[in-house]
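# Structural features, examined
Listed here are the chains, written in short residue letters.
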Amino acid sequence: MSAECALAQRPDYKDLHRECRQTEDVPLPHGGGILLVRRCTCLHHHYTPAG
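In what follows, the accompanying structure is described. (Residues numbered from 1 in each chain as written. Predicted model: local features only at pLDDT ≥ 70, side-chain atom pairs only at ≥ 80, totals over all residues. Heavy atoms only, no water.)

All right, on to the overall build of the protein then. Scanning the protein from terminus to terminus reveals 1 helix and 2 strands. Its helices and strands taken in sequence order, the protein reads α-β-β from the N to the C terminus. Within the protein, buried positions represent 18% of all 51 residues. In the protein, the proportion of contacts linking residues at least 24 apart, taken out of those at least 6 apart, comes to 24%. Accessible surface for the protein amounts to roughly 4400 Å². Of this, 53% is attributable to carbon and sulfur atoms. (Helix = DSSP H or I, 4+ residues; strand = E, 2+ residues; numbered from the N terminus. Buried < 20%, exposed > 50% of the residue type's maximum accessible area, 1.4 Å probe, protein only. Contact = heavy atoms within 4.5 Å. Areas by Shrake-Rupley, 256 points an atom, 1.4 Å probe, with all protein chains shown as cover.)

Spelled out as structure tokens, the structure:
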């Protein structure tokens, strides 16, 4: 979960879900599938599985 979405779990910060920028996985270049940054898994984001 991104820092924005973790903080958005607090009542006064619910609008922070819009600030989340971790909307997709970022692979490490030439990393053989290792991720540099994982996408946020917060339930407020809707994802379509790759395939």
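We now examine a nonpolar patch on the surface. A cluster of nonpolar side chains, contributed by Val26, Leu28, Ile34, Leu36 and Val37, occupies part of the molecular surface with about 400 Å² of accessible area. With respect to the element layout, valine 37 can be found in strand S2 (residues 35–37). (Patch = residues over 30% accessible without salt bridge, like charges linked within 9 Å, V, L, I, M, F, W, Y side chains within 5 Å. Salt bridge = Lys/Arg side-chain N within 4 Å of Asp/Glu carboxyl O.)

A few words on the environment of arginine 39. Relative to the elements of secondary structure, arginine 39 occurs in the segment after S2. When the C-alpha atoms of arginine 39 and glutamate 24 are compared, they prove to be 4.5 Å apart, with 15 residues separating the residues in sequence.

A word on the state of the cysteines. Per the stated rule, a full pass over the model turns up 0 disulfides. Considering cysteine sulfurs only, cysteine 5 is the nearest to cysteine 20, which forms no disulfide, with 4.0 Å between them. Exposure remark for cysteine 20: the relative accessible area of 4% places this residue in the buried category. Just so you know, cysteine 40 is unpaired, no disulfide at all, and the nearest cysteine sulfur is the one on cysteine 5, 3.7 Å from it. (Disulfide = S-S within 2.5 Å.)

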